[in-house]
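In case you want the letters, here they are:
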Amino acid sequence: MGTDLHELLRSLRVWAPEATTLPPFDPATAPAEPLPLFTEWFAEAVAAGQPEPHTMSLATSDPDGLPDVRTVMLHGADTAGWSFATHLSSRKGRQLTARPYVALGFYWPVLGRQVRIRGPVTAAPSEEGQADLHARSTGALAAALTGRQSEALGSLEELAQVSEAAWTEVQRTPDAPVPTWTLYRLVPDEVEFFQGDAQRRHVRLAYRRTKAAAGAEGAAEAWSRTLLWP
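Let me sum up the structure you'll find in this document. (Residues numbered from 1 in each chain as written. Predicted model: local features only at pLDDT ≥ 70, side-chain atom pairs only at ≥ 80, totals over all residues. Heavy atoms only, no water.)

## Here we look at a nonpolar patch on the surface
A surface patch of nonpolar side chains, amounting to about 400 Å² of accessible area, comprises Leu 5, Leu 8, Leu 9 and Leu 12. Following the sequence through the fold, Leu 12 ends up in the loop between helix H1 (5-11) and helix H2 (34-47). Here Leu 12 falls in the exposed class, since its relative accessible area comes to 55%. (Patch = residues over 30% accessible without salt bridge, like charges linked within 9 Å, V, L, I, M, F, W, Y side chains within 5 Å. Areas by Shrake-Rupley, 256 points an atom, 1.4 Å probe, with all protein chains shown as cover. Salt bridge = Lys/Arg side-chain N within 4 Å of Asp/Glu carboxyl O. Helix = DSSP H or I, 4+ residues; strand = E, 2+ residues; numbered from the N terminus. Buried < 20%, exposed > 50% of the residue type's maximum accessible area, 1.4 Å probe, protein only.)

Written as structure tokens, this is what we have:
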């Protein structure tokens, strides 16, 4: 007898008190820019025991404008942007080349929080991408060396053989380059912070990039802040 998906869905709870703490969030105390708040929330997710808080959804679109999404790992967030990496030749790499505007989504259910980010993305210089790759684990480098990401795979046996060869290569040449490996940076136009509330009075604070002095030469960039209905 198969699983009844609808019955299973109806049995589940969102933000069960034994697993989730919904902390208060006063947007009046939020900083003028989104990066410090993101850093604070990220640190709080780590401290609260959120599994893999550095994973995020990456949404792209193909040359026809059709959407695509997958889970990837955050490699950093600073004044240069939110960074992640992939092969230039992969499906998402090709999509990033064709339409270099993406969205990121973080979900930290242990605190009932989400962060959504949208903006243009650019490829970092090759030497930065290689440095990023070689700062990661041996397994990450071996996986990158196998290449062929998103290509059709003949069998799991083929994958095992190629992967084993890559591990051997990494152990022999730990600084082996992977030319297609590319570090990308998203410079956000919008960043939204969502704090869940048990009474469904969720707090949503949206930052949008503006110009501090519109029309002025060399105008400095600034951020507007807007509350959104849940």
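Let's pick the thread back up.
## What to know about the packing of aromatic side chains
The full count for this structure, using the stated rule, is 12 aromatic pairs. Summarising the aromatic geometry, the rings of Phe 38 and Trp 82 are spaced 5.4 Å apart at their centres and angled 75° between planes, so their arrangement reads as edge-to-face. Remark: Trp 82 occurs in strand E4 (residues 81-87) and Phe 38 occurs in helix H2; sequence separation between them is 44 residues. Judged by relative accessible area, Phe 38 falls into the buried class, the value being 3%. Here Phe 106 and Trp 108 contribute two aromatic rings whose centre-to-centre distance is 5.7 Å and whose plane-to-plane angle is 45°, an arrangement assigned as tilted. With respect to class, Phe 106 is no different from Trp 108; both count as buried. Through a chain of ring-to-ring contacts, the aromatic side chains of Phe 25, Trp 41, Phe 193, Tyr 207 and Trp 223 assemble into a single cluster. (Phe/Tyr/Trp six-rings, centres within 6.5 Å; stacked < 30°, edge-to-face > 60°.)

## As for helix H4 (residues 126-134)
When H4 is considered as a whole, its buried residues turn out to be Gly 129, Gln 130, Asp 132 and Leu 133. All buried residues of H4 project into a common sector of 160° when viewed along the axis, lining one side. (Arc of directions from axis to C-beta.)

## Digging into the pairing of E4
The buried count for E4 comes to seven of seven residues, which makes it a mostly enclosed element. Sheet analysis places strand E3 (residues 76-78) next to E4, joined by three bridges and oriented antiparallel. Counterpart to Gly 76 in the pairing with E4 is Ser 83. Where E3 folds back onto E4 in an antiparallel hairpin, the turn is made up of two residues. Bridge analysis of E4 against strand E7 (residues 181-186) gives six bridges, and the strand direction is antiparallel. Paired with Trp 82 across the bridge in E7 is Leu 186. (Pairing = 2+ DSSP bridges.)

## Quick notes on the environment of Pro 27
Mapping Pro 27 onto the fold places it in the loop between H1 and H2. When the C-alpha positions of Pro 27 and His 134 are compared, they lie 39 Å apart, and in sequence the two are 107 residues distant.

## Notes on the environment of Ala 176
Along the chain, Ala 176 turns up in the loop between helix H6 (156-172) and E7. Relative accessible area serves as the criterion here: at 5%, Ala 176 is assigned to the buried category. Each C-alpha atom of the pair Ala 176 and His 54 lies 26 Å from the other, and the pair is 122 residues apart in sequence. The residues touching Ala 176, leaving out its near neighbours within four places in the chain, are His 134, Leu 141, Leu 145 and Glu 169. (Contact = heavy atoms within 4.5 Å.)

## Observations concerning helix H5 (residues 138-146)
Of all the residues in H5, the buried ones are Ala 140, Leu 141, Ala 142 and Ala 144. Close packing links the buried residues of H5 with E4, H4, H6 and E7. Taken from the residues just after H5, Gly 147 is the one with a positive phi, measuring 60°.

## What to know about the nonpolar core
If you look at the biggest cluster of nonpolar residues, it comprises 28 residues, and the most contacted ones within it are Phe 106 and Val 115. At the level of secondary structure, the elements contributing two or more residues to this core comprise H2, strand E1 (55-61), E4, strand E5 (101-108), strand E6 (113-123), E7, strand E8 (190-195) and strand E9 (203-211). Top element by residues in this core is H2. It accounts for five residues. Sequence-distant contacts of Val 115, defined by excluding residues within four places in its chain, comprise Phe 38, Trp 41, Leu 104, Gly 105, Phe 106, Trp 108, Val 191, Glu 192 and Phe 193. Within the second largest apolar cluster, 11 residues are counted, among which are Ala 85, Ala 124, Leu 133 and Val 178. (Core = buried A, V, L, I, M, F, W, Y, C linked by side-chain atoms within 4.5 Å.)

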